[in-house]
Amino acid sequence: MGDHHHGPAKGLSRWLYTTNHKDIGTMYLWFSFAMFLLGGAFAMIIRAELFQPGMQLVEPGFFNQMTTLHGLIMVFGAIMPSFVGLANWLIPMMIGAPDMALPRMNNWSFWILPPAFLMLASTLLMEGGAPAFGWTFYAPLSTTYAPPSVTFFIFAIHILGVSSIMGSINIIATVMNMRAPGMSYMKMPLFVWTWLITAFLLVAVMPVLAGAVTMMLMDIHFGTSFFSAAGGGDPVLFQHIFWFFGHPEVYIIILPAFGVISQIIPAFSRKPLFGYASMVYATAAIAFLSFIVWAHHMYTVGMPLAGELFFMYATMLIAVPTGVKVFNWVTTMWRGAMTFETPMLFSIGFLVLFTIGGFTGLMLSIAPADFQYHDTYFVVAHFHYVMVAGAVFSMTAAIYFWLPKWTGRMYNETMGKVHFWVSFIGFNITFFPQHFVGLAGMPRRIPDYALQFADFNMMSSIGAFIYGASQLLFLYNVIAAITSGKRVTDEKIWDGAEGLEWTLPSPPPYHTFEVPPTIEEQPAH
Amino acid sequence: MLNARALAAAALTPLAANAQNQINMPTGVSDAGVVITELGAEIYGLHMLIFWISVAIGVGVFGIMLYSIYAHRKSRGVKPSQFHEHTGVEIAWTVIPFFILVAMAVPATSTLLEVYDNDDAELSILVTGYQWKWKYEYLDADGENISFFSNLATSQEQIYNTDVKGENYLLEVDQPLVIPVDTKVRFLITASDVIHSWWVPEIAVKRDAIPGFINEAWTRVLAEGVYRGQCTELCGSYHGFMPVEVHVVSQDEFDDWTASKRGAAVADATLATQELSVDDLMARGADIYNASCLACHGAKGEGGLGNAIAGSAIAMGGVDSHLNVIVNGVAGTAMQAFGAQLSDVDVAAVTTYQRNAFGNNTGDVVQASDVVSYKEG
Ligand SMILES: [Cu+2]
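Throughout this document, residue positions are counted from 1 along each chain, in the order its sequence is written. As they are written, the chains are lettered A onward and the ligands numbered 1 onward, keeping that order. pLDDT decides what is reported in this predicted model: residues at 70 or higher carry local features, side-chain atom pairs at 80 or more are listed and counted, and totals for whole chains, interfaces and linings draw on all residues regardless. Only hydrogens and water are set aside when side-chain values are computed; all heavy atoms of the structure are taken into account.

Trainee: Where do I start with the overall build of chain B in this structure?
Mentor: In this text, helices come from DSSP runs of H or I with a minimum length of four residues, and strands from runs of E with a minimum of two, each type numbered from the N-terminal end. Counting its regular elements, chain B contains 10 helices and 10 strands. The principal-axis extent of the C-alpha atoms belonging to chain B is close to 95 × 55 × 40 Å. To sort residues, take the accessible area from a 1.4 Å probe on protein chains only and compare it with the maximum for the residue type: under 20% means buried, over 50% means exposed, and anything in between is partly exposed. When the 377 residues of chain B are sorted by exposure, 50% land in the buried category. When checking whether two residues touch, look at their non-hydrogen atoms; a contact exists if any pair is within 4.5 Å. Pairs at least 24 residues apart make up 63% of the contacts formed inside chain B by residues separated by at least 6 positions. With residues, only the protein chains shown are counted as cover, and all accessible areas are computed by Shrake-Rupley using a 1.4 Å probe. Only carbon and sulfur atoms are counted for the fraction: they give 57% of the accessible area of chain B, which is about 17000 Å².

Now the structure itself:
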């Protein structure tokens, strides 16, 4: 262990060898932002091609590579690592621990990510092009009919899985063993709770994903027929396995976002979170339900009626705990004393847009109606409301909220507000019309479309360019804050913020809570 | 990847007048007020029911939130209250939504039961998805099946913006599916390569077409007319280019249509025994090439997903090896076995065409009889 009071090493070796949760958190956050820009660039290519009917910019095959890589990079490269970065920075500081429980493994779980994504991106340059079978990679399009680069894709997914599992084990070990004395489970900040539950989901489902891609690998190279009907296999089996991973994955993405919102709304309402215990139970209920609803992504594959009914009822049930969360947040705001700094704006944006995404989710759960919605732009609109306005908005709120604590410097508030409004408007111009074209019959993942969809697609593309550009403003604001932002010295940067991280200096020293703090009677939430 | 020529053309060519923008699911009722399919109308009703319930809840939640944002702001000098629990309220907003969900589940279940009611069909049609076209086969008790492929009919010029786009851009096929009005039609849906999904929004039928599996779906269309849809499961490069076009006609018209289809099959069989002129073969071959080969081999035989035909060693080499590729396909590639998809005359015509078009001036003429004897080995 050696000397506990050293500062960070200098130069590149600091980052390569670091076992410090703050350094690793920082690397995760920057890496995920880079991936967010890359996935965003692919989205811009998609929207540019869809700006008008007819093929203009790219060929259909390349278009499919773009939709595939956009999805994979946003889910696995941008959103998931960004929340792991947040967990690294915050969990030790929130529970009064000196670092993560397994710091060396922490270093590894980050450093295997960049090579994995480099490999995934390099498939673009390979013979036959990058994977073009969608981020859901349904067999046999992703096996018998896949380009040769699929093998690299499989390898990349394996590495991501390993990284996620290591990250989750670390979070579980940290939360279970490293809490300061007196920090009982029911006193933990909600962000820690949501991440603990998320980590269990990850450990449960990432191996399933690994199994799915391994079976693909066997089908492609070793003559098995797991997913090939011609050899006695079953292409639908692939979808069951994929969504058994894929549906919990959706909650893996959104639960930490719930945690963030549950920290920020009370802070700017200057009022404790309403219904802390019910928030914890609702999170656990959602996590449990997430395992028994996977086939609602597959209503049209020809399941037996009984299966169809089971998955419909189970899916509808998710509305109950999700509703509890939304009601709790609104009640937290009720009779508070609110101010609307950028983190609060993004949180309210989250609340409104995520709820809309929840409503369309409820509509999609209705199996007979889903026969009309399935695989259309209605679904695309739905999941961007929950993924972008849900996960990405909450992540943005988190950065604005904790950045001053991490760096000891304030971002530019006016620019932050402009960023919010441009994002909010751009987002809605992009995705609201997609509900319309979807209902009117536009399938997803098509590079060209019938003329009746033209106006709304043009609108959608314009919105996407606005939303995309607003992220550059965000980047600028963050860099400007880090390099030349106004210094903040208060421990409590936001007067309503509660929790142990706000008892630390801003910026916190390289090592914090080497001596466990004493937890006051008043719980940290 | 970048397609500069098409881009330049796009800037020059005006779009066709845009069709009406529609913002909701098809109602299941025609413009003339006739129910198109009862199931479609019912699904639309269910969709609107859930929609309005969501709107009502949304208005309530957002209304309270907006009021709170207005009234409970620090700038108005309010003191924050500190309440953070209320068991009664928390139980209420867990239990009440549950009962609302039960109320939604009842109509949803009864509609789903109807979707699954495939019994008592009067006509059965086997629908097979191929990369990237649909095959329709009318299953006939006497074994006299009618069977044909349905390809995208929109020209490459329209897609690449060198021609004005037509009204049914990307939603038109060379040979539509024809079904009689007010008849319970059962679709048996499958695929030959990857997964596709057969969807016609206005008659509310969507079912995945999965290789090795046969899915069932049904419809009874009550209003004559033309209904259009598309493949809705990503199935490769030209997923966006495999539309569905259904013509719903009176029973009489349907009978005439089946008779003429059967007649055409007989005529094809007769043609196969005759010698055709080079011009006939070339004209027929061009049609088939444009419908079935162009997507992969290019409008000028320049290649794309498939190899170039212009200057191809196979298309200009021995006739048998050329026929071998077309009839048997190339295993493990996108090149399918067209021997099972095209009639012998059509194979002869497209082979002749490939050997003499795009500057491949071999002068060879391939007749149907050559194809027959090739197949017989
Ligand atoms: Cu298809």
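Still more to cover.
Trainee: I tried to follow the interface of chain B and chain A on my own but got confused; where do I start?
Mentor: When the parts of a complex come together, some accessible area is lost, and that lost area is often taken as the interface size. Taken together, the contact pairs 96 residues of chain B with 98 residues of chain A. Between chain B and chain A the total buried area reaches about 8600 Å² when both faces are included, carbon and sulfur atoms providing 69% of it. On the chain B side of the contact with chain A, B:Phe83, B:Trp93 and B:Leu234 bury the most area, a combined 8% of that side's loss. A side-chain nitrogen of Lys or Arg and a carboxyl oxygen of Asp or Glu constitute a salt bridge if their distance falls within 4 Å. Joining chain B to chain A, the criterion identifies one salt bridge. A salt bridge links A:Asp495 to B:Lys74; the nearest nitrogen and oxygen atoms lie 3.8 Å apart. By convention, the term buried area covers the 1.4 Å-probe accessible surface removed from two parts as they join, with the contributions of both added.

Trainee: Before we go on, may I ask you to explain unusual backbone geometry in this structure?
Mentor: Backbone phi values are negative for most residues with the exception of glycine, while trans is the configuration of most peptide bonds. With an omega of -10 degrees, the peptide bond running from A:Ser506 to A:Pro507 counts as cis. Inspection of the secondary structure assignment puts A:Pro507 in the segment after strand 2 (486-487). Note the cis peptide between B:Gln131 and B:Trp132, where omega equals -5 degrees. Note on placement: B:Trp132 falls in the loop between strand 1 (123-130) and strand 2 (133-139).

Trainee: In this structure, what is going on with the domain arrangement of chain B? I would like to understand it.
Mentor: Domain boundaries in chain B define domain 1 (4-115), domain 2 (123-268) and domain 3 (275-376). Throughout, the edges of the domains are those of an automatic or database domain assignment. Relative to domain 3 of chain B, the C-alpha centre of domain 1 of chain B lies at a distance of 52 Å.

Trainee: Hey, could you run me through the coordination of the copper ion in this one?
Mentor: Any two of four tetrahedral donors ideally make an angle of 109.5 degrees at the metal, while pairs among six octahedral donors ideally make 90 or 180 degrees. Residue and element names in this part refer to chain B. Around the copper ion, the donor atoms from the protein are His196 (ND1), Cys231 (SG), Cys235 (SG) and Met242 (SD), and they sit 2.1 to 2.5 Å away. Only N, O and S atoms count as donors, using a 2.8 Å cut-off from the metal and 3.2 Å for Na, K and Ca, and because water is excluded some sites may appear unfinished. Donor angles set the geometry label: tetrahedral for four donors if every angle is between 85 and 135 degrees, square planar for four and octahedral for six if opposite donors exceed 155 degrees and the others are between 65 and 115, irregular for anything else. Viewed at the metal, the four donor atoms of the copper ion are separated by angles of 91 to 128 degrees, and the geometry they form is tetrahedral. Binding-site remark: the copper ion is held by donors from one chain whose sequence spacing is H-x34-C-x3-C-x6-M. Highlighted residues: His196 in strand 6 (residues 196-200) and Met242 in the loop between strand 9 (225-231) and strand 10 (243-249), separated in sequence by 46 residues. The pair His196 / Met242 is uniform in exposure class, with both members buried.

Trainee: Got a minute to help me understand helix 9 (residues 276-289) of chain A in this structure?
Mentor: Because each turn of an α-helix spans 3.6 residues, side chains separated by three or four positions end up pointing in the same direction. Across its 14 residues, helix 9 of chain A extends 20 Å between first and last C-alpha, which sits within 8% of the 20 Å expected from 1.5 Å per residue. Buried within helix 9 of chain A we find A:Tyr276, A:Ser278, A:Met279, A:Val280, A:Ala282, A:Thr283, A:Ile286, A:Ala287 and A:Leu289. In this fold, the buried residues of helix 9 of chain A make contact with helix 7 (190-221), helix 8 (235-269), helix 10 (305-317) and helix 11 (319-333) of chain A together with helix 3 (87-115) of chain B. Helix span, as expected, comes to 1.5 Å for every residue beyond the first.

Trainee: Before we go on, may I ask you to explain the nonpolar core in this structure?
Mentor: Soluble globular proteins: nonpolar side chains tend toward being buried together. Residues enter a nonpolar core if they are buried and are Ala, Val, Leu, Ile, Met, Phe, Trp, Tyr or Cys, with the set joined through side-chain atoms within 4.5 Å. Formed by 269 residues in total, the largest nonpolar core has its most connected members in A:Phe76, B:Tyr138 and B:Trp198. Both of domain 1 (4-115) and domain 2 (123-268) of chain B provide at least three residues apiece to this core. With 21 residues, the next largest nonpolar core counts B:Val327, B:Phe338, B:Leu342 and B:Val371 among its residues.

Trainee: Hey, could you run me through the side chain of A:Gln434 in this one?
Mentor: Residue and element names in this part refer to chain A. With respect to the secondary-structure elements, Gln434 resides in helix 15 (residues 413-440). For Gln434, a relative accessible area of 3% puts it in the buried group. Those residues in contact with Gln434 that lie beyond four places of it in its chain are Arg47, Tyr377, Phe378, Val380, Ala381 and Ser460.

Trainee: What should I look at first to understand the packing of aromatic side chains in this one?
Mentor: All names here are of chain A. Two aromatic rings, drawn from Phe, Tyr or Trp (for Trp, its six-membered ring), form a pair once their centres lie within 6.5 Å of each other, and the interplanar angle then sorts them: stacked below 30 degrees, edge-to-face above 60, tilted otherwise. A full pass over the atoms with the stated rule returns 72 aromatic pairs over all chains. Taking 5.5 Å as the distance between ring centres and 70 degrees as the angle between the ring planes, the aromatic pair formed by Trp135 and Phe242 counts as edge-to-face. Note that Trp135 is positioned in the loop between helix 5 (113-122) and helix 6 (150-177) and Phe242 in helix 8, a separation of 107 residues in sequence. Owing to a relative accessible area of 1%, Phe242 belongs among the buried residues under this scheme.

Trainee: Just to check I follow, could you spell out the environment of B:Arg76 for this structure?
Mentor: Residues and elements named next belong to chain B. Checked against the element boundaries, Arg76 lands in the loop between helix 2 (38-71) and helix 3. On the basis of relative accessible area, Arg76 is assigned to the partly exposed category, the value being 47%. When the C-alpha atoms of Arg76 and Val266 are compared, they prove to be 86 Å apart, with 190 residues separating the residues in sequence. With sequence-adjacent residues up to four places away left out, Arg76 is seen in contact with Tyr70 and Ala71. Here a polar contact is recorded for every N or O atom pair within 3.5 Å, except that within protein the pair must consist of a potential hydrogen donor and a potential acceptor, and residues adjacent in sequence are included only if both atoms are side-chain atoms. Within the structure, Arg76 has its side chain in polar contact with the backbone oxygen of Ala71 (distance 3.4 Å).

Trainee: Would you mind going over a negative patch on the surface with me for this structure?
Mentor: All names here are of chain B. Patch members must show over 30% relative accessible area and no salt bridge, and they are joined within 9 Å when carrying like charges or within 5 Å when they are nonpolar side chains of Val, Leu, Ile, Met, Phe, Trp or Tyr. When charges are counted, neither His nor the chain ends are considered; positive counts come from Lys and Arg and negative counts from Asp and Glu. Think of each charge as sitting on NZ of Lys, CZ of Arg, CG of Asp or CD of Glu. On the surface, a cluster of negative charge is made up of Glu224, Asp252, Glu253, Asp255 and Asp256. Among the secondary structure elements, Asp255 is positioned in helix 5 (residues 251-271). Given a relative accessible area of 37%, Asp255 falls into the partly exposed group.

Trainee: In this structure, what is going on with the sheet that holds strand 2 of chain B? I would like to understand it.
Mentor: Hydrogen bonds between backbone groups are what pair the strands of a sheet, and the pairing can be parallel or antiparallel. Residues and elements named next belong to chain B. In spatial order, the strands read 3-2-1-5-8; together these five strands make up an open sheet with mixed pairing. The sheet is open, and its two borders are formed by strand 3 (146-150) and strand 8 (215-220), each paired with just one other strand. Between one strand axis and the next, the sheet turns through 25 degrees on average, direction left out of account. At least two DSSP bridges between two strands are needed for those strands to be called paired. Sheet analysis places strand 2 next to strand 3, joined by five bridges and oriented antiparallel. A fitted line through C-alpha atoms serves as each axis, taken over the contacting stretch for helices, and the angle formed by two N-to-C directions is quoted from 0 to 180°.

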